Structure formats: structure tokens, C-alpha cells
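Listed below, chain by chain, are the residues.
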Amino acid sequence: MLIKNNFYSLICVASNVRIYAFLFLACVFLSSCTSDSTIEDDNSILEQNPIGYYAVATGISVNYSDVSSYVNSGFTFLNPTQVNKNREAIGGSSYTEVYGFNVPEANRARGIRWNSGDETTNEWRPQGITGFKKNGVRYLLITWYGREGSDHKGSRITLLDISPSSSTYLKYRHILLVHSSVPSSVSEYTQYNTYAPLNIHAGGIAYYNDKVYIASTNLGMRVFDLNKIIEVSTGADTSTKCGQDTSGNLYAFNYRYILPQIEYYDINGGANPFSTIQVNDEGNALWTAQYSSGSSSSSVVPKVYGFPMDSGGTVLNSGIEEIIPKNSLFDDDHAHGMQGIFRKGNRTWLSCSGSPSESYGSKARLARYTDGASNTVRYRWPYGSESLYYEAEYDYLWSLTEWEPNAGADNGSEVNRCIFAVHFSEYE
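1. Considering the packing of aromatic side chains
Now for step 1: Scanning the entire structure with this criterion turns up 23 aromatic pairs.
Now for step 2: Pairing F132 with Y139 gives two aromatic rings, centres 5.1 Å apart and planes at 25°, and the pair type is stacked.
Now for step 3: Grouping aromatic residues by their ring pairs yields a cluster made of Y95, F101, Y379, W381, F420 and Y427.
Now for step 4: Above the ring of F77, the side-chain terminus of K228 is found at 5.5 Å from the ring centroid.
Now for step 5: Of note, K241 hangs over the ring of Y251, and the distance from its end group to the ring centre comes to 5.0 Å.

2. Details of the pairing of strand β14 (residues 220-225)
Now for step 1: Across the six residues that make up β14, a large majority, six, are buried.
Now for step 2: Pairing of strand β13 (residues 211-216) with β14, which is carried by six bridges, proceeds in the antiparallel orientation. Across the sheet, the residue bridging to Y213 is V223, located in β14.
Now for step 3: The hairpin formed by β13 and β14 contains three residues between the paired strands.
Now for step 4: As defined by bridge partners, β14 adjoins strand β18 (residues 257-268) across five bridges and the pair is classed as antiparallel. By the bridge assignment, F224 is partnered in β18 with Q261.

3. A few points about the environment of S163
Now for step 1: Within the element layout of this structure, S163 appears in the loop between β8 (155-161) and β9 (171-179).
Now for step 2: For the pair S163 and K133, spaced 30 residues apart in the sequence, the C-alpha separation amounts to 9.4 Å.
Now for step 3: What S163 contacts, discounting residues up to four positions off in sequence, is G136, V137, R138 and Y169.
Now for step 4: A polar atom in the side chain of S163 sits 2.6 Å from the backbone nitrogen of R138.

4. With respect to the sheet that holds strand β20 (residues 285-290)
Now for step 1: Strand order in the open sheet made by the four strands is β19-β20-β21-β22, with antiparallel pairing throughout. Strands at the two margins of the open sheet, each flanked by one partner only, are β19 (274-279) and β22 (321-323). Ignoring strand direction, the axes of neighbouring strands in this sheet form an average angle of 20°.
Now for step 2: Here strand β21 (residues 304-308) pairs with β22 via three bridges, running antiparallel. Each bridged residue has a counterpart across the sheet, and for G306 the counterpart in β22 is E321.

5. Focus on the pattern of salt bridges
Now for step 1: Applying the stated criterion across every chain yields a total of 16 salt bridges.
Now for step 2: Notably, a salt bridge pairs K344 with E428, separated by 2.9 Å at the nearest N-O pair. On the criterion of sequence distance, the pair formed by K344 in strand β23 (residues 338-344) and E428 in the segment after β29 (418-423) is long-range, its members being 84 residues apart.
Now for step 3: Classification of K344 by relative accessible area gives partly exposed; the value is 24%.
Now for step 4: Using a relative accessible area of 39% as the deciding quantity, one classes E428 as partly exposed.
Now for step 5: Linking E404 and R417 is a salt bridge whose minimum nitrogen-to-oxygen distance equals 2.8 Å. On the criterion of sequence distance, the pair formed by E404 in the loop between β28 (396-401) and β29 and R417 in the loop between β28 and β29 is long-range, its members being 13 residues apart. Note on accessibility: E404 and R417 belong to one class, buried.

The rules behind these values
- Along each chain, the written sequence defines residue order, and numbers are assigned to residues from 1.
- pLDDT decides what is reported in this predicted model: residues at 70 or higher carry local features, side-chain atom pairs at 80 or more are listed and counted, and totals for whole chains, interfaces and linings draw on all residues regardless.
- Hydrogens are left out, water is left out, and the side-chain values use all remaining heavy atoms of the structure.
- Only centres within 6.5 Å qualify two rings of Phe, Tyr or Trp (six-membered ring in Trp) as a pair; their planes then separate them into stacked at under 30 degrees, edge-to-face at over 60, and tilted for everything else.
- Here, a charge over a ring is recorded when the distance from Lys NZ or Arg CZ to the ring centre is within 6 Å and its angle to the ring normal is within 35 degrees.
- Whether a residue is buried, partly exposed or exposed follows from its accessible area with a 1.4 Å probe, protein chains only, as a fraction of its type maximum: under 20%, in between, or over 50%, in that order.
- Under the scheme used here, helices are H or I runs from DSSP no shorter than 4 residues and strands are E runs no shorter than 2 residues, and both carry numbers assigned from the N terminus.
- Following DSSP output, two strands are said to pair if at least two bridges run between them.
- The contact criterion used is simple: two residues touch if any of their non-hydrogen atoms lie within 4.5 Å.
- Think of a polar contact as two N or O atoms within 3.5 Å of one another; within protein, one of them needs to be a possible hydrogen donor and the other a possible acceptor, and neighboring residues in sequence only count if both atoms come from side chains.
- Convention adopted: a line fitted to C-alpha atoms gives each axis, helices being fitted over their contacting stretch, and angles between N-to-C directions are expressed from 0 to 180 degrees.
- Salt bridge, as applied in this entry: a Lys or Arg side-chain nitrogen positioned within 4 Å of an Asp or Glu carboxyl oxygen.

These figures come from the coordinates and say nothing about function on their own.
Shown next as C-alpha cells:
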């Protein structure tokens, strides 16, 4: 009898919750008719209240490798506060002038544009974004992958000071990513021993306790220690050299600093194709997303995974979560085009590109998915948007756009490339 009565009470409570939820959503809908709503389409607010959705990933294994021995001795290491920043970004409202920037003005929090060379180069494209604070200074970290004339240089990371009170505010420095796998022969440059360019797409990036995790498309996660930045030789005669020569000289294509890979996680059964990665709001897991283009067959089912971490940042090989987000804009209601991810509680925010339809001049969307729901809540999002990073202290959700002029994309000859933050509370 006790069980029966409790069950009956639960039904009553659930019914009341549904009634109140309906009234609340009705009010939201009516108010959106008379205000500048950020919601992309009215159907998207029919997000369902889930009932305890949880899935344990199957067929996924995490295989750890420590590859740090090549830099364990004989090098002087620096941390981010010791890096000389040699370029300056542009702050203020000018970032809204880039092509396809459609965030409602009330939701805009911060905006940054690269210097003219970096926002227009076709040899590098930015992809991932994360951040951290050290000695009271706030930094962003942005990944780029090399292409065209720089494809042999692999990938790089940018350290950008975003603290207005700092003496190096908006100053930044590009740092080349390297690893221990030295190719036997190259044609574009001179390769020495010890380390070589890290030739990966360098997608999403996450930060946890001085460790950096980069999504590696077919492998899984590559790990770096921000306290192991190494200064190398620079000058015109170093621009075609990489590695350590027999005299001990260090080169990196005229980059002043390198950041060596120290570990990696080979994710079997689920990594391909990893596009992005981020630490969840609770700080105990790395969440990743798989990318497939919006034109992909409905048979492709992109997923997001949650990989638990211990307090030291080691990724665990158990308790891995699996979510299949829904998005009615794409084939078979699956969330294609996932470029960025952030996880808080039972909700996932996704930066999605390549939608079949435009919203305020962009085919990108910020999609909020609640576990078990039949659809996402979607918001307008700038054209070319990539990864996500949540700066909780300021209620900022950061992202960035990637396209240079004449990139063969919709922006044509216009600049699309910028960094921006929105007020996260407007999207919860």
C-alpha cells in the first residue's frame, strides 16, 4: 500500500510539473512575440522535460601513453607568465563588424579581433578555445591548424592575455606544438632530431590544472603541460628548420616557443571523428563531440561522450557517458555539424555549423540539448563559429569564428575571423 500511495503521489507531482511547465513555456512564447528573442525558431522551445536519461558508453576504451621522456631532461621550461607576447589584438565592438556576426546586442559580453595579418591569413585557421587564470591574469588559449604554405608546420596554440588591468592586455603569442615522432624524411624543410611538428587538425581544446587537452580527430586526446613551454632559437635562418641539431640548438620555423606533447589517450571505438573537447562545469569530466557535416546521410549518428577524470587530470577508463543529441534541422533529427561543446548538469551546449537553413544570416546555431529531449533549443550564432569555453567567474560563454577572406565559403572577400563571448545566463 505504501508503494502504491507513493507511486500515486509521484504521478500527481509529475502532472503538476507538466502543467506548470506548460504555463511557463506559454508565457515564454507569448513574450517572445513582442521582444527581440534570441531563440532561432518557435518550434525549438518545445524542449521536453527528460525523465532520468543516462547512457553508459559501450565499446569504448581509453588507452593512456606517457611520451614525455624526450623532454624530461636537458631543457629549460617556462610557464605562461614568462612568455613574451609580441602581437596585439583589437578589443571593443569592432568584432561585430565581421561577416555573419548575428548575436543580439544585449547578449554580447566581450569581443576581440586578431591583428590584420592573423585575421586574414589563409595559412592558419583557428579552431579551439579555452582559458585559465594564473597569478590573477586571465588568458585564452586558441588552437590553429596549418594549411596551404604552413601545412608542414602542423599546429600551434595562441596564448592571449584578456585581463583589462594587465600590462600585456590583448597581447598574444603563437606557440608551435611539437611531439616526439620525428619523420624519417621531409621535403619542405630541414628536420633535426628530438621533436617534430605535430601534424593534426588541432580541433577543440580544454584546460585543467595546467594541463591542456586537444581533440585529435582520429586518435582521441593529446595532452600538454603549460609549465613545459620551451624557448628556441629565432631568426631568418631558422624559418626552414625544426628540431634539435647535433650541437643542441633548438629550432621551430622561427617560432620563439614550442609546447611539447607529453601524453596522449587513444580512444578506441569512439574517437573518430572527434571535433572538440571541453571540461564540464563540475570540473570532473572531459566532454567530446563527434563531427559530421550537415549533408551527411541520416545513417551517421554523431555522439557526445563524457570521460571522467580524477583530481590530477587523468582520464579514467570507466564510467564513460554517451549522449545522442537531437536536432530537427538535420537528417533524421541528429545533431550534425558539432564544432563546440560545453556540459553543465544534464544539459549540453553545442556549437553547430552547416544547418540547411539560415538564421539571421548564418547557418550556424548554438544548440542547447537536455538529456533525453526530442529536440534542441536553438539560438542564432555567428557564421563560422567553432569551439566553446565557459568562464564561470564572469558568466561568459566564449567562442570564435574561423574564416579568412576568400576562403571559398559564404563570406567571400569579407573577414569572418574573431573571438567573442556572450552572457551564458541568456542561454541557460
